[in-house]
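As a plain string of letters, each chain reads:
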Amino acid sequence: MNSSDWEKALEKVAHEVSSENFSAALTEEDLESLRIRFLGRKAPLTELLKSIKELSLEERRLLAPKAQQIKSQLEAQIEARALEIEKLRFDAELKTQSLDLTLPPLLPLRGRSHPLTKMQDQMAHILGLMGFSWAEGPLIEDDEHNFTALNIPEHHSARDMQDTFYVEGGQVLRTHTSPVQIRAMRKQKPPLRIICPGRVFRHEAVDATHSAAFHQVEGLYVDQNVTFADLKGTLEEFLKALFGPQIKVRFRPSYFPFTEPSAEVDLSCLFCSGTGLASDGRPCGICKKTGFIEILGAGMVHPNVFKAVGYNPEIWSGFAFGIGIERVAMLKWRIKDIRNFYSNDIRFLAQFEDTELPLLA
Ligand code: PHE
């Protein structure tokens, strides 16, 4: 093809392009066939661009930009129309679909922490304000940490206080959080103030108030000249922050191998306000007419325990306590059956809204 024929052919293409009504393409398919017609492999413009090599260099310099310009213009037109077509389709869709803004929304289900976690956090919060820091230990313990170092020697009848799950190889599922006392003291030098919240296991028959797996918060305070008065003051403040300033706290002598002296601590009954009588005048069924409910075990750390961890009992003294999380939660929230905590019934679990964390007086 000579250059004047080539130029004429290009003009013909230009004319065709300019007389084409791109707005007549109403769908993506319409537009695609236009694209194939003008820019496809067999389109006149494509053929022309291919045959441009046959022209001389000078002719090419003159004509190639014209052809390129037509091509770019075509591409721009097609793209612009594609956007218009999309908008047309969207507008049509909006006309057929409608949104009812008066429908009630689907409320998202909000997760919350388990009541036992809430109670544990409340207890840790109060003790944290008193300067106790959080410590943890393993659920599968060795005999040494769970018993021997806590002044419960092998074959001693005190082992019967806690019915134990034994694991193969002589290990046990920890029967209390007290082994964490041993771990903490072996790791840190005194003075020390720790709590250990966690799960414990006892070989118990399950009923409304017993579970084979439950939770405790252990506390341990070691320093010079710690006395039973410190123990009493700390626990009284702790229990008042937890249950309210109106409660009375009572200490009764008791026995634990790892504390001496030992005490069991009672709380004035929350159900009859310590009167021993229900509102109908009959004996209170919760405290059995005594006006008090047992809430925790405590005592001064036994010298043998200090010896087992390498603390000198002539220099250091301390107190320890252990309190059941389920028991506190049941008393505070008046839950009658401990099994509610483990049944994963959302109707039960959803009743415990986040309450404000108590502060010390
Ligand atoms: N470990 C005891 C128990 O589980 C509770 C306790 C802890 C008593 C610390 C005294 C001191 O029964």
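Here is a short report on the structure shown in this document. What you are looking at is a predicted structure, and each value in this text was computed from that prediction instead of being measured.

### Regarding the packing of aromatic side chains
Okay, so step 1: All told, the structure shown has 13 aromatic pairs when counted by the stated rule.
Okay, so step 2: Centre to centre, the rings of Phe228 and Phe251 are 6.2 Å apart; their planes meet at 70°, and the pair counts as edge-to-face. Pair noted here: Phe228 is in helix H8 (residues 228-243) and Phe251 is in strand S6 (residues 249-256), with a separation of 23 residues, a long-range link.
Okay, so step 3: On the basis of relative accessible area, Phe228 is assigned to the partly exposed category, the value being 27%.
Okay, so step 4: Measuring from ring centre to ring centre gives 5.9 Å for Phe341 and Phe348, while their planes differ by 75°; the resulting arrangement is edge-to-face. When sorted by exposure, Phe341 lands in the same class as Phe348, which is buried.
Okay, so step 5: By way of ring pairs, the aromatic residues Phe132, Tyr221, Phe238, Phe319 and Phe321 are connected into one cluster.

### Here we look at the side chain of Glu264
Okay, so step 1: For Glu264, the location among the structural elements is in strand S7 (residues 259-268).
Okay, so step 2: Polar side-chain contacts of Glu264 include one of 3.4 Å to the side chain of Ser254.

### Quick notes on the site of the ligand
Okay, so step 1: Surrounding the ligand, one finds 15 residues, the nearest of these being His176, Ser178, Arg202, Gln216 and Gly322.
Okay, so step 2: A distance of 2.9 Å separates a nitrogen atom of the ligand from a polar atom in the side chain of Ser178.
Okay, so step 3: Within the side chain of Arg202, an N or O atom sits 2.9 Å from an oxygen atom of the ligand.
Okay, so step 4: Burial of the ligand by the protein chains amounts to 92% of its free accessible area of 320 Å².
Okay, so step 5: Listing elements by their share of the shell around the ligand, those giving two or more residues are strand S5 (213-223), strand S8 (292-301) and strand S9 (317-324).

### A closer look at helix H2 (residues 28-39)
Okay, so step 1: Over its 12 residues, H2 runs 16 Å from end to end, which matches the ideal 16 Å to within 8%, given 1.5 Å per residue.
Okay, so step 2: Along H2, the residues classified as buried are Leu31, Leu34, Phe38 and Leu39. One face of H2 carries all of its buried residues, which in axial projection span an arc of 95°.
Okay, so step 3: For H2, the secondary structure elements touched by its buried residues are helix H1 (3-19), helix H3 (44-50) and helix H4 (57-96).

### Overview of unusual backbone geometry
Okay, so step 1: Omega for the peptide link from Pro190 to Pro191 comes to 0°, which places this bond in the cis form.
Okay, so step 2: In this structure, Pro191 sits in the loop between helix H7 (179-187) and strand S4 (192-201).
Okay, so step 3: Note that the residue after Glu260, namely Pro261, is joined by a cis bond; omega there is -5°.
Okay, so step 4: With respect to the element layout, Pro261 can be found in strand S7.
Okay, so step 5: Positive phi, close to 70°, is recorded for Lys289, a residue that is not glycine.
Okay, so step 6: Relative to the elements of secondary structure, Lys289 occurs in the loop between S7 and S8.
Okay, so step 7: One non-glycine residue, Asn344, lies in positive phi territory at about 55°.
Okay, so step 8: As for its position among the elements, Asn344 is in the loop between helix H10 (325-333) and helix H11 (346-349).

### A short note on the sheet that holds S4
Pairing between the strands of a sheet is mediated by backbone hydrogen bonds and can be parallel or antiparallel.
Okay, so step 1: As summarised here, the arrangement of the seven strands in space is S1-S4-S5-S9-S8-S7-S6, forming an open sheet in which the pairing is mixed. Because the sheet does not close on itself, it has two edges, and the strands there are strand S1 (133-134) and S6.
Okay, so step 2: For S4 and S5, the ladder comprises 10 bridges, and the chain directions are antiparallel. Within S5, the position partnered with Arg199 by the bridge is His215.
Okay, so step 3: Running over the sheet, H8 touches S6, S7, S8 and S9 and is turned about 145° from S8.

Cut-offs and rules
- Residues numbered from 1 in each chain as written.
- Predicted model: local features only at pLDDT ≥ 70, side-chain atom pairs only at ≥ 80, totals over all residues.
- Heavy atoms only, no water.
- Phe/Tyr/Trp six-rings, centres within 6.5 Å; stacked < 30°, edge-to-face > 60°.
- Helix = DSSP H or I, 4+ residues; strand = E, 2+ residues; numbered from the N terminus.
- Buried < 20%, exposed > 50% of the residue type's maximum accessible area, 1.4 Å probe, protein only.
- Polar contact = N/O pair within 3.5 Å; in protein donor to acceptor, adjacent residues only side chain to side chain.
- Near = heavy atom within 4 Å.
- Areas by Shrake-Rupley, 256 points an atom, 1.4 Å probe, with all protein chains shown as cover.
- Expected span 1.5 Å × (residues − 1).
- Arc of directions from axis to C-beta.
- Contact = heavy atoms within 4.5 Å.
- Pairing = 2+ DSSP bridges.
- Axes fitted to C-alpha atoms, helices over the stretch in contact; angles between N-to-C directions.

Everything listed here is a matter of coordinates, which is why it stays silent on function.
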